[in-house]
Every structure is written in structure tokens, then in C-alpha cells.
Amino acid sequence: MRIAMIGTGYVGLVSGACFSEFGVSVTCVDKDEDKIARLERGEVPIYEPGLDQLVAVNKAAGRLAFTTDLKAALDGADAVFIAVGTPSRRGDGHADLSYVFAAAAEIAETLAQLPANRTVVVTKSTVPVGTGRRVEHILSLHLPAGAYDVASNPEFLREGSAIQDFMRPDRVVIGTDSEHARTVLRALYRPLYLLETPVLFTTIETAELIKYAANAFLAAKITFINQVADLCESVGADVQDVARGIGLDGRIGRKFLHAGPGFGGSCFPKDCAALVRTAEEAGKRLTMVERVLEINDSRKRGMADRIVAACGGDVAGKTIAVLGLTFKPNTDDMRESPSLSILPPLIEAGATIRAFDPEGMAESKKLLPELEYCEDAYDAMIDADALVLLTEWNEFRALDLARIKQLLRRPIIVDLRNIYQPQEMTEAGFIYHSVGRAMAEPPAGLSANLRAIA
Ligand SMILES: NC(=O)c1ccc[n+]([C@@H]2O[C@H](COP(=O)([O-])OP(=O)(O)OC[C@H]3O[C@@H](n4cnc5c(N)ncnc54)[C@H](O)[C@@H]3O)[C@@H](O)[C@H]2O)c1
């Protein structure tokens, strides 16, 4: 089998590399010449654990190639996947489908110049209901019936564990009316059949909606536990125990019940917004998803107030050490990261931010140029008045507490990911704030000033 992958970003590159690992011959196409040149040199332009090796092995085996030349990639391809971005349209929350439609038109025009070869055009990007039909219409303007088939194959991988997610998904969703498309996609995903992965065949519209409904549900789950965390703080309960207590119920499940600063990332915020718009257009408001977005936005903003309060009500002239900038660990992706909502108000209030992130700093420097970027976690803490844990990278889970104590000017920690235990931190001499858990008694021997803050 031969396929082309249009768009070589987080989804396109991982999907392309994984299909090549399945034994398929894959050509990844991107408009970004620099990205393709780097990939051709063997450099992987994004951080995703295991991806370098997967790309290197399959490139060396001749199953994975990179090009900006769409015609070469489409020549003889059994299927072409559209994996371009679908960001939020500025101002109105609709998905911006211009990249998808541009890619569909380029595919159609290019296929029209090539010898007839029935090609399945598959949308892998997350797109609102109705997009697949519009892609079909674009193809029909350039190609005779029978030269192409259309399918929707939404992707559920998560950045940070993308390869595992692609190779061992909970399910594969394929929406199409075409028996030929079903046959081609079944063949492409054959290694997963052998692992008994459920493959759901649906209509295009249903497949498109499944992706949005899944993301909105997960976003709602996070938002729910975040509100429960606030309640826990008021009534003296522990949100981690509550989450475990409810999550062990098989009907609820334990995943996506970690209280924190609010969800971010390149998918949940934009996909919830787009789903709300789809519903409005259909005359059916999804008020629950609307509320999820509102609650999450105000939560992210509220985290800055939490940090200010932990610093005694004022951060002017203070230095705050921040560990973690990306929206989650194991990625360099900064899109809609909570750090983008939480840190600017602190800077406006007069704080100096000394920050460190293992992989996100190159991107963060473009978005948050006002921060002081540090060599490592400990460097960020030098003479800081408080330490804020924003992203739960593994390397922040076992920091040397005695060293932190030595480096910080004041032993204040705001842990927005509940990485540490309140009791342990208090015993180590910190004034420790976390999410949805009662604060332990302030450590003995604090100065009157710090005792007042605690
Ligand atoms: N990132 C995720 O975790 C994730 C997970 C599941 C689904 N999705 C969805 O997958 C889609 C892609 O997301 P992403 O994060 O990979 O985006 P991305 O921005 O990382 O990558 C998109 C790539 O497409 C390229 N591109 C745009 N138009 C092109 C064209 N006409 N021809 C060739 N290349 C073109 C861009 O240069 C870019 O490299 C989105 O719809 C997203 O919602 C993303």
C-alpha cells in the first residue's frame, strides 16, 4: 500500500511514521519547506517521545519519505490523508477550515493531472460535521466520479504518548459511504485488527461528530473535577481521594480526573468552541459545553490570583520561579497552554518570572518573551520569592527539597498539578499550596511575616 500524508505536524508526522512502521509506503507532504528540509536531514521538528527513532528507522528502510511536491506524493497513492491544522477562527470560535479546503483543492487538481488511479481521500484533521461532504464536492469539481472516494478518519492520539496511542488505540473510527474506502482503510489498519482493536464503521457525519463529542466529554470531565477541587478546599476534603473514589467506579473511570489549573492544548479549547458553533448552526445549543469553556477560561485566569495570594497578596518586585510552560508534559506544544493565561497577569502585576521547561522554551520564547529563561529547574529558583509548578514533567516530581529550600528566598510553593504531598512539604519546611487539598499546618519556626502569609 502507498499513502500520502498532507500536513506533517503533530498528527501527520506521527500518523505517517506509524503507518510506515505498519509496512505501508508513506510520503509526508508539507508546505513548510524548512520543516521538510529538516526531516530530510533526519531532524524531527517536534518533541514527541520515541518519534526520532521511529522516523529514522522507517526512513532508512525506504518506507517513509518527505517532500513538498504533492504530485510526486500522490502518484500511485491508494489513499491520501488530510492532516492539516484546523485552528479556531479568530473571533468566532468556528473551526478555520481554510487549510483543509485548500489541501482538498490541491489534491483534486493534482490527481486530475495524474493517470487515473482510484484514490481514497481521508480527512484525519478534526473537522466539523459537513466538512467531509464539502471535501467531496471540491473533488467532484476536478475529478470524474469513480476516480476518488471520501472518508473521515478522526485521530485520537494525545501528544506526549502519540506513538503508543496510534499503535494501540482504544478504537479506530472510519466514516464513509464507500465500500472501496472501507477496504483500503481496513487494509491500512490491518495490524490493529490483529490486536483486536475495535474498528467502528460509520457515516462521514457520525465519524466527524464522534471526535468532537469525545473531546468535549473529556474537557467536561476535567472541568468537573476542577470544580469539585474548589469545593474540597472549602470543606476540607481531598480531591485526589475523591477522584480515586469516584474513578474506581467503572461507569466513571479514573482517567481525566486530575484537578489542575484548567485544560489547554491545541485541541480541547478549539474543539469545544467549534462544537458549540456546530450546534448553534443546527439550532441546538450545547449549553453544557458552553459552560465548560467559560468555567475553564475563568479558572485559568483565577490561577494567577491564587499565586498572588500565596505570595501574600502582592507580587510587585517579587521573583517567581515557574517550572513547566507547555500545556502538558512530554511535548513542546505551547498552544493554549495555561501558562499563557497565568503568567502575563503576574508580569503585569510587577513580578519577574524565572522559568524553565524541558522542551517548551524555544516555542515559549516566541509567545512569552518577557520571561527570564533558565538553564534548569534549580537555576529558576535562585532567590525566588515563590516556586510555581505549572506542568507535571517527570523531572519535577523528585526535586531535591533541601536544595529548593536553600535556593528560594521564601519557602513558598504553589503546586498547580498536585505533584507533591502537603504533609511531606510542610515537614520539609515549605508553605505549600496545591489544588483541592487542605493545606497542612504551616511549618514550625516560620518568621512572623511568613506565618502571616501562610
Ligand atoms: N495535536 C494533537 O494532539 C491532535 C490530536 C488529534 C487530532 N488533531 C487534529 O489534527 C489536525 C492537525 O493538527 P496538528 O496538531 O498536527 O497541526 P500542526 O499545526 O502541527 O500541523 C499542520 C501542518 O499542516 C501543514 N499544512 C497546512 N496546509 C497544508 C497544505 N495545503 N499542504 C501541505 N501541508 C500543509 C502545516 O505547514 C503544518 O506543518 C487538526 O485538525 C487537529 O485538531 C490534533
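Nothing here was measured: the structure is a model prediction, and the numbers come from that model.

J.: Help me understand the overall build of the protein chain, please; the structure alone is not making it clear to me.
T.: Per the secondary structure count, the protein chain includes 19 helices and 14 strands. In terms of principal-axis extent, the alpha carbons of the protein chain reach across some 80 × 50 × 40 Å. Out of the 454 residues belonging to the protein chain, those deemed buried represent 55%. Look at the contacts in the protein chain between residues 6 or more apart in sequence, and 70% of them connect residues 24 or more apart. Taken together, the 49 basic and 61 acidic charged side chains of the protein chain have centroids lying 3 Å from each other.

J.: What am I meant to see in the site of the ligand here?
T.: Taken together, 25 residues lie near the ligand, and Asp30, Lys35, Thr86, Glu159 and Lys270 sit nearest. A distance of 2.6 Å separates an oxygen atom of the ligand from a polar side-chain atom of Asp30. Interatomic distance of 3.3 Å between a backbone N/O atom of Lys31 and a nitrogen atom of the ligand. With the chains in place, 88% of the 830 Å² that the ligand exposes on its own is no longer accessible. Sorting the residues of the shell around the ligand by element identifies helix H1 (10-21) and helix H5 (98-113) as the ones contributing at least two each. Across the shell around the ligand, the residue classes break down as eight nonpolar, eight polar and nine charged. When residues of the shell around the ligand are sorted by domain, at least three fall in each of domain 1 (2-202) and domain 2 (212-297).

J.: So what exactly am I meant to see when it comes to the packing of helix H10 (residues 204-235) against helix H11 (residues 239-247) here?
T.: Axes are the key here: two packed helices are described by the angle between their axes and the distance separating the axes. Two numbers describe how H10 lies on H11: the axes approach to 9 Å, and their chain directions differ by 135°. In terms of axis orientation, H10 runs oblique to H11. For H10 against H11, the interelement crossing comes out right-handed. For the pair H10 and H11, the contacting residues are Phe224, Ile225, Val228, Ala229 and Cys232 in the first and Val239, Val242, Ala243 and Ile246 in the second. Considered class by class, the residues forming the contact of H10 with H11 number nine nonpolar, no polar and no charged.

J.: Just to check I follow, could you spell out the nonpolar core for this structure?
T.: Soluble globular proteins: nonpolar side chains tend toward being buried together. With 60 residues, the main nonpolar core has Ile320, Leu323, Leu343, Met381 and Ile404 as its most contacted residues. The dominant element in this core, judged by the number of residues it contributes, is helix H13 (residues 287-310), at five residues. Split by domain, the residues of this core number at least three in each of domain 2 (212-297) and domain 3 (301-453). Ignoring sequence-local partners within four residues, the contact set of Ile404 consists of Tyr378, Met381, Leu387, Leu399, Ile413 and Phe430. Val121, Ala273, Val289 and Leu293 belong to the second largest nonpolar core, which has 44 residues in total.

J.: Is there a simple way to explain the domain arrangement of the protein chain in this structure?
T.: When the parts of a complex come together, some accessible area is lost, and that lost area is often taken as the interface size. Domain parsing of the protein chain yields domain 1 (2-202), domain 2 (212-297) and domain 3 (301-453). Each of domain 1 and domain 2 has a C-alpha centre, and these two points are 29 Å apart. Counting each side, the surface lost to burial between domain 1 and domain 2 is near 920 Å², with a carbon and sulfur contribution of 56%. Together, Gly93, His94 and Thr126 form the three largest contributors to the area buried by domain 1 at its contact with domain 2, with a combined 38%. The tally of links between domain 1 and domain 2 comes to zero salt bridges. The interface formed by domain 1 and domain 2 holds five residue pairs in polar contact (both at pLDDT 80 or more) in total.

J.: What exactly am I supposed to notice about the packing of H5 against helix H6 (residues 131-142) here?
T.: Contact geometry for H5 and H6: axes closest at 8 Å, N-to-C directions at 30°. The orientation of H5 relative to H6 falls into the category roughly parallel. Helix-helix and strand crossings are classified by hand; for H5 and H6 the assignment is right-handed. The segment H5 lies against H6, with Val100, Phe101, Ala104, Ala105, Ile107, Ala108, Glu109 and Ala112 engaging Thr131, Arg134, Val135, Ile138, Leu139 and His142.

J.: Whenever I open this one, the packing of aromatic side chains confuses me. Can you help?
T.: The geometry of an aromatic ring pair comes down to the distance between the two centres and the angle between the two planes. With the rule as written, the count across this model stands at ten aromatic pairs. Look at Phe356 and Phe396: their rings are 6.3 Å apart centre to centre, the planes differ by 70°, and that puts the pair in the edge-to-face class. Placement of Phe356 in strand S10 (residues 352-356) and of Phe396 in the loop between strand S12 (386-389) and helix H17 (401-407) is noted, with a sequence separation of 40 residues between them. Taking relative accessible area as the criterion, Phe356 reaches 8% and is therefore assigned buried. Grouping aromatic residues by their ring pairs yields a cluster made of Phe19, Phe22, Phe81, Phe166 and Tyr189. Its end group placed over the ring of Phe156, Arg171 keeps NZ or CZ at 3.6 Å from the ring centre. Here the guanidinium or amino end of Arg403 rests over the ring plane of Tyr378, the centre of that ring lying 3.9 Å away.

Rules behind the numbers
- Position labels on residues start from 1 in each chain and follow its written sequence.
- Restriction of local features to residues with pLDDT of at least 70 applies here, the model being predicted, together with a cutoff of 80 or more for giving and counting side-chain atom pairs; totals for whole chains, interfaces and linings are based on all residues.
- For the side-chain quantities, the full set of heavy atoms in the structure was used; hydrogens and water were omitted.
- Working definition: helices are DSSP H or I runs of at least four residues, strands are E runs of at least two. Numbering for both runs from the N terminus.
- Three labels apply to residues, based on accessible area from a 1.4 Å probe with only protein chains included: buried if under 20% of the type maximum, exposed if over 50%, partly exposed otherwise in between.
- Contact between two residues is taken to exist if any of their heavy atoms lie within 4.5 Å; hydrogens are not considered.
- Positive residues here are Lys and Arg, negative ones are Asp and Glu, while His and the chain termini are left out of the count.
- A single reference atom marks each charge: NZ on Lys, CZ on Arg, CG on Asp, CD on Glu.
- A cutoff of 4 Å decides nearness: a residue is near a molecule or strand if any of its heavy atoms lies inside that distance of it.
- Counted as a polar contact is a pair of N or O atoms within 3.5 Å, where, for protein atoms, one must be capable of donating a hydrogen and the other of accepting one, and residues adjacent in sequence contribute only when both atoms are in side chains.
- Calculation of accessible area relied on Shrake-Rupley with a 1.4 Å probe; when residues are assessed, cover is drawn exclusively from the protein chains displayed.
- Any residue outside Ala, Val, Leu, Ile, Met, Phe, Trp, Tyr, Cys, Pro, Asp, Glu, Lys and Arg is labelled polar, Gly included; the first ten of those are nonpolar and the last four are charged.
- Domain start and stop positions are those given by an automatic or database domain assignment.
- The axes used here are C-alpha line fits, helices contributing only the stretch in contact, and every angle between their N-to-C directions lies in the interval 0 to 180 degrees.
- For this classification, under 35 degrees means roughly parallel, over 145 means roughly antiparallel, 65 to 115 means roughly perpendicular, and everything else is oblique.
- Helix crossings fall into two classes, left-handed where the near helix is turned counterclockwise from the far one by less than a right angle and right-handed where it is turned clockwise.
- What we call a nonpolar core is a set of buried Ala, Val, Leu, Ile, Met, Phe, Trp, Tyr and Cys residues that are connected through their side-chain atoms within 4.5 Å.
- Take the accessible area each of two parts loses on contact, using a 1.4 Å probe, and add the two losses: that sum is the buried area.
- Between Lys or Arg on one side and Asp or Glu on the other, a salt bridge is scored when a side-chain nitrogen of the former is within 4 Å of a carboxyl oxygen of the latter.
- Stacked, edge-to-face and tilted are the three classes for Phe, Tyr and Trp ring pairs, Trp counted by its six-membered ring, which pair at centre distances within 6.5 Å; planes under 30 degrees apart are stacked, over 60 edge-to-face, the rest tilted.
- Here, over-ring charges are defined by two tests on the NZ atom of lysine or the CZ atom of arginine: distance to the ring centre within 6 Å, and angle to the ring normal within 35 degrees.

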